[in-house]
Amino acid sequence: MSSTRIPFAPAAFNARRHVAVIAVLVGLLTFANLLAGPPAHAYPPDPPSASTARSYLSALTVSSEGSMSGYDRDRFPHWSSQGNNCNTREVVLERDGSDVVTGGDCYPTSGSWYSVYDGVWSYAPSDIDIDHVVPLAEAWRSGASGWSDSTRESFANDLSISQLIAVTDNSNQSKSDRDPAEWLPPRSSYHCMYARMWVWVKYDWNLTVDSAEKSALSSILNGC
């Protein structure tokens, strides 16, 4: 009794094997991207290490917060010109975004932004706020009330340290003018970086800290 034998088709077999290999590679790459998180961005300048931040924190003057009397955001002129038809907000939007394209007026026409505070991607610049890491009102209560308006303008537009960062408007509004004893980014993995940034700003601008604020910052930095 004879049977019909189907001839082996190496080309078809190899094609199926190649497709399977490609599928596995795509899956591995996708998994690797999930582990890696968002692509690298040129966020604010890296703050000092946790150990340096602890030494900076110990050098800050501890004092009760001052009065809000006389405070107005306009006393901190912000989004000043940075040249090339760009203001501070536009510079930060381009710096902190991914694949940002700007128009002739320097305002982004496309791009994406990953908010490190809450882990949210945004695709419209109108959904992004530029957070003052040390809020303007907090700075006022911590010594800035005695500065000149020109000094306050420099503070509000300082790109040289970690004072400005693009985040979702929701996270920025949730923060308001609260210090780390009262508010921290929803992503706990960012707390160490946030504390280092906060201390650097206060140290660089010789601002005071209150006791609860210092305690919260110490606790975070000691765990970094």
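Conventions used here
Numbering of residues starts from 1 in each chain and follows the order in which that chain's sequence is written. Whole-chain, interface and lining totals are the exception, using all residues; otherwise, since this is a predicted model, local features are given only for residues with pLDDT of at least 70 and side-chain atom pairs are given and counted only at 80 or more. To obtain the side-chain values, all non-hydrogen atoms of the structure were included, while hydrogens and water were left out. DSSP-based pairing: two strands are paired if at least 2 bridges between them are found. Each helix is a run of H or I in the DSSP string that is no shorter than four residues. Each strand is a run of E no shorter than two, and both are numbered from the N terminus. Axis lines are fitted to C-alpha atoms, over the contacting stretch for helices. Their N-to-C directions set the angle, which ranges from 0 to 180 degrees. Every residue pair with non-hydrogen atoms within 4.5 Å of one another is taken to be in contact. Any Lys or Arg side-chain nitrogen located within 4 Å of an Asp or Glu carboxyl oxygen qualifies as a salt bridge. We call a residue buried when its accessible area falls under 20% of the maximum for its residue type, exposed when it is over 50%, and partly exposed in between, using a 1.4 Å probe and counting protein chains only. A score from 0 to 100, pLDDT tells how confident the predictor is in each residue. Only a pair of cysteine sulfur atoms within 2.5 Å counts as a disulfide in this structure description.

Chemist: Please explain the sheet that holds strand 4 (residues 108-115) as it appears in this structure.
Modeler: Backbone hydrogen bonds hold the strands of a sheet together, and the pairing may be parallel or antiparallel. An order of 3-4-5 is seen for the 3 strands of this open sheet, with the pairing classed as antiparallel. The open sheet terminates on both sides in strands that have one partner only, identified here as strand 3 (97-102) and strand 5 (120-122). Sheet twist, expressed as the average angle between the axes of neighbouring strands with direction ignored, equals 10°. Bridging between strand 3 and strand 4 involves 4 bridges; their strand directions are antiparallel. For Val-101, the partnering residue across the bridge sits in strand 4 and is Ser-110. Running at roughly 130° to strand 3, helix 3 (residues 88-96) makes contact with strand 3 and strand 4 of the sheet.

Chemist: It is not clear to me how the pattern of salt bridges should be interpreted in this structure. Could you clarify?
Modeler: Oppositely charged side chains may form a pair once their charged atoms are brought near each other. The tally for this structure, following the rule as stated, stands at 9 salt bridges. Of the charged contacts, one joins Arg-75 and Asp-149 as a salt bridge, the two residues approaching to 3.0 Å between their closest N and O atoms. Taken as a pair, Arg-75 in the loop between helix 2 (50-59) and strand 1 (81-83) and Asp-149 in helix 5 (residues 149-156) lie far apart in primary sequence, 74 residues in all. A residue is classified by how much of its surface remains accessible, and Asp-149, at 33% relative accessible area, is partly exposed. Notably, a salt bridge pairs Asp-177 with Arg-141, separated by 3.0 Å at the nearest N-O pair. Separated by 36 residues along the polypeptide, Asp-177 in the loop between helix 6 (169-175) and helix 7 (191-204) and Arg-141 in helix 4 (residues 136-141) bring together distant segments of the chain. Assessed through its relative accessible area of 24%, Asp-177 is described here as partly exposed. What makes Arg-141 buried here is its relative accessible area of 12%. Members of the salt-bridge network, linked through shared partners, are Glu-65, Glu-138, Arg-141, Asp-177, Lys-202 and Glu-213.

Chemist: How should I be thinking about the pairing of strand 6 (residues 128-132) in this particular structure?
Modeler: Each regular strand displays side chains that alternate between the two surfaces of the sheet. By the criterion of burial, strand 6 is predominantly enclosed, with 5 of the 5 residues buried. Sheet analysis places strand 6 next to strand 7 (residues 164-168), joined by 5 bridges and oriented antiparallel. Across the sheet, Ile-128 pairs through a bridge with Thr-168, a residue of strand 7.

Chemist: It is not clear to me how the pairing of strand 4 should be interpreted in this structure. Could you clarify?
Modeler: Burial analysis of strand 4 places 6 of its 8 residues in the buried class, the great majority of the element. In sequence, strand 3 turns back onto strand 4 through a hairpin of 5 residues, with Cys-106 there showing a positive phi of about 80°. Where strand 4 lies against strand 5, 3 bridges are found, and the strand directions are antiparallel. Paired with Tyr-114 across the two strands is Trp-121, which belongs to strand 5. Between the end of strand 4 and the start of strand 5, which pair antiparallel, lie 4 residues, with Gly-119 showing a positive phi angle near 70°.

Chemist: Would you mind going over the confidence of the model for the protein with me for this structure?
Modeler: Low-pLDDT stretches of the model should not have their predicted coordinates read in fine detail. Mean pLDDT over the protein stands at 86; residues scoring 70 or higher make up 81%. Between residues 1-40, whose pLDDT stays under 50, and residues either more than four places distant or in other chains, the model counts 4 contacts.

Chemist: Before we go on, may I ask you to explain the state of the cysteines in this structure?
Modeler: In protein structure, a disulfide is the covalent linkage between the sulfur atoms of two cysteines. Following the criterion strictly, the structure yields 2 disulfides and no others. There is a disulfide in this structure between Cys-86 and Cys-106, and the S-S distance comes to 1.9 Å. Residues Cys-86 and Cys-106 share a disulfide whose torsion about the S-S bond is about 90°; that sign makes it right-handed. Taken together, the positions of Cys-86 in strand 2 (residues 86-87) and Cys-106 in the loop between strand 3 and strand 4 put the pair 20 residues apart, joining distant regions of the chain. Taking the relative accessible area as the measure of exposure, Cys-86 reaches 12% and is therefore buried. Residue classification places Cys-106 among the buried residues on the basis of a relative accessible area of 5%. Two residues, Cys-192 and Cys-224, share a disulfide whose sulfurs are 2.0 Å apart. The sign of the S-S torsion, about 130°, decides the handedness of the disulfide formed by Cys-192 and Cys-224: right-handed. Taken together, the residues span a long stretch of sequence, with Cys-192 in helix 7 and Cys-224 in the segment after helix 8 (211-222) at a distance of 32 residues. Look at the protein and number its bonded cysteines as they come in the sequence; the links are 1-2, 3-4.

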